[in-house]
Amino acid sequence: MKIVILGNGIAGITAARHIRKMSDHEIVVVSDESDYFFSRTALMYIYMGHLRFKDTQPYEPWFWEKNRIQRLRARVERVDFQEKKLHSTAGETITYDKLLLAVGSKSNKFGWPGQDLEGVHGLYHLQDLEAMERHTPSLERAVVVGGGLIGVEMAEMFHSRGIAVTFLVREPDFWSIVLPPEESRMVSRHLRAHHIDLRLQTELKEIMPDTSGKKCAAVVTNTGETIGCGFVGLTVGVSPNIGFLKNTELETQRGILVNEFLETNIPDVFAAGDCAELRQPSPGRRAIEAVWYTGRMMGETAAHNIIGESRPQFYNPGIWFNSAKFFDIEYQVYGDIQAKLPDEQATLYWEHPDGHKSIRLNYDKSSGRVVGFNLMGVRYRHEVCDKWLRTHAHIEEVLQHLGLANFDPEFYPQHEAELVRLYNRQTGRDLQLKQRRGLKGVLAFLK
């Protein structure tokens, strides 16, 4: 059987690896972006000089031949699902028996005047990074549009090269549609402390060209202000990269519609990763989740179902988690943490006096069950938080053993006792912290 995987991101390559582990089927990975799989989340560190591009490639070049995973550099412009053929822009035809669509995302644009000028780019593909490098030597100011994780990465990248950054954010605080208010304000303060010109409640109206009419020279905001710049970063989210699949028999909405086995409406065609839209997502989860770990999990699930195991494997994303960083502040979230606290939940929020660290635990008011952790500048162990959430642990049980979760380096201060004292003040209880940071206790807890 010949299996073709369109896209060499985390979903496609994870599927290829697992198909090879479980079978001897022919595997062909088709991509126009790069010759080898690389860590997309590490692109910023290449620009900042922390890594070389080859350092972001998890597998050596010999890996692909040894594992008989063929790679084909091609841009597919059309899929003939009836004949089971892919057609590339170079005139090649690639046949398949089973097809995995793992075509990822593209940066959003919303029809702004000037959005296609030279010097206007998102930050998703390797080619976006190359564009940033190309414009950097003569760049004095960049304007970044969009208050999310990609935007803050781009701001930090330019900042690392000494380039002034103006950051346009539509919301009243940074990422306030995702972060609770205290954490959102913390990030806003932190960006300004790093001399980022953060403009809250400010939107892009249009991008103005230079005298050649080809390259961006300034942006105009909704307040009427004109800001000169040589680069505009459009980081207002991403959407499934499925334009070339529209108007075919493949069922799509925002993404490629799939069932719990990641099957599309067309036999022998699957979809995984950023481009896949679940017809029935798990409660509390989104139909499209464009994050690294869900792409990896989808790739593994698709591999099992593509090779046709007797018992199909359904996609289970588990408990939500994500991590990122805002310049010097690391961010982790586990479980259900919403920007606006639901009526049925209570929250315990502690913030360090320096304003650079915080710990938040949300729990159900009636049952006391912990439902989510939000960490800023403090590291908690994924496995420990995941177990507490899966087992519906009570807030008081969690608090007394909260040191188990702490994953900061050895000599970093521990703040879990302050969380316990805060809870006691709020509730009149007299809990004591019973467990501090330590691997021995963690291993005993997890076994």
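Let me begin by describing the structure that accompanies this report. (Residues numbered from 1 in each chain as written. Predicted model: local features only at pLDDT ≥ 70, side-chain atom pairs only at ≥ 80, totals over all residues. Heavy atoms only, no water.)

### Looking at helix α4 (residues 126-135)
In plain terms, the rule: Relative accessible area decides the class of each residue, using a 1.4 Å probe on protein chains only: under 20% of the type maximum gives buried, over 50% gives exposed, and in between gives partly exposed. The helix and strand labels rest on DSSP assignments: H or I over at least four residues marks a helix, E over at least two residues marks a strand, and numbering proceeds from the N terminus. Here a residue-residue contact requires only that any non-hydrogen atoms of the pair lie within 4.5 Å.
For α4, every residue scored as buried is listed here: L126, D128, L129, A131, M132 and H135. Buried-residue contacts for α4 involve α2 (43-47), β8 (105-107), β9 (120-121), α5 (149-160) and β16 (231-234).

### Quick notes on the packing of aromatic side chains
Applicable threshold: Here the aromatic set is Phe, Tyr and Trp, taking the six-membered ring for Trp, and pairing holds for ring centres within 6.5 Å; pairs whose planes are under 30 degrees apart are stacked, those over 60 apart are edge-to-face, and all others are tilted. Only when the NZ atom of a Lys or the CZ atom of an Arg is both within 6 Å of the ring centre and within 35 degrees of the ring normal do we say a charge sits over the ring.
Evaluated as defined, the whole model comprises 20 aromatic pairs. Between F37 and W292, the aromatic rings sit 6.2 Å apart at their centres with planes inclined by 15 degrees, giving stacked as the arrangement. Of this pair, F37 sits in the loop between β2 (26-31) and α2 while W292 sits in helix α7 (residues 292-306), and the two are 255 residues apart along the sequence. Centroid distance Y293 to F321: 3.8 Å. Interplanar angle 25 degrees. Geometry classified as stacked. Residue Y293 is located in helix α7, and its partner F321 is located in strand β21 (residues 321-326); the two are separated by 28 residues in the primary sequence. Here the two residues Y293 and F321 agree in accessibility, since each one is buried. Here the aromatic cluster, defined as three or more aromatic residues joined through ring pairs, consists of F37, Y59, F63, W64 and W292. If you follow R161 out to its NZ or CZ, it ends over the ring of Y47, 3.9 Å from the centre.

### Section: the sheet that holds strand β11 (residues 164-169)
In sheet architecture, strand pairing relies on hydrogen bonds along the backbone and comes in two forms, parallel and antiparallel. Using the following cut-off: Between any two strands, pairing holds if DSSP finds at least two bridges. In this analysis, axes come from line fits to C-alpha atoms, helices being fitted only over the stretch in contact, and the angle between any two N-to-C directions falls in the range 0 to 180 degrees.
A sheet is described by the order of its strands in space; here five strands give the open sequence β9-β16-β10-β11-β12, paired in parallel fashion. Edge positions in the sheet fall to β9 and β12 (197-200), since each of these pairs with one other strand and no more. Where β9 lies against β16, two bridges are found, and the strand directions are parallel. The residue bridging H121 from the neighbouring strand is G233, located in β16. Where helix α6 (residues 181-193) meets the sheet, it contacts β11 and β12, and its direction lies at approximately 145 degrees from that of β12.

### Structural notes on the pattern of salt bridges
Rule in force here: A side-chain nitrogen of Lys or Arg and a carboxyl oxygen of Asp or Glu constitute a salt bridge if their distance falls within 4 Å.
Per the counting criterion, the structure on display carries 20 salt bridges. When the shortest N-O distance is used, the salt bridge between R161 and E133 registers 2.7 Å. One end of the pair, R161, is in the loop between α5 and β11; the other, E133, is in helix α4, and 28 residues separate them in sequence. The partner of R279 in a salt bridge is E251, and the shortest N-O contact between them spans 2.6 Å. Of this pair, R279 sits in the loop between β20 (276-278) and α7 while E251 sits in the loop between β17 (238-240) and β18 (256-258), and the two are 28 residues apart along the sequence.

### Examining the sheet that holds strand β6 (residues 93-95)
With antiparallel pairing, three strands are arranged side by side in an open sheet as β4-β5-β6. Looking at strand neighbours, the two that pair on one side only are β4 (76-80) and β6, the edges of this open sheet. With strand direction ignored, the average angle separating the axes of adjacent strands in the sheet is 25 degrees. Across three bridges, the pairing between strand β5 (residues 85-88) and β6 is antiparallel. Its bridge partner lying in β6, K85 is registered against T95.

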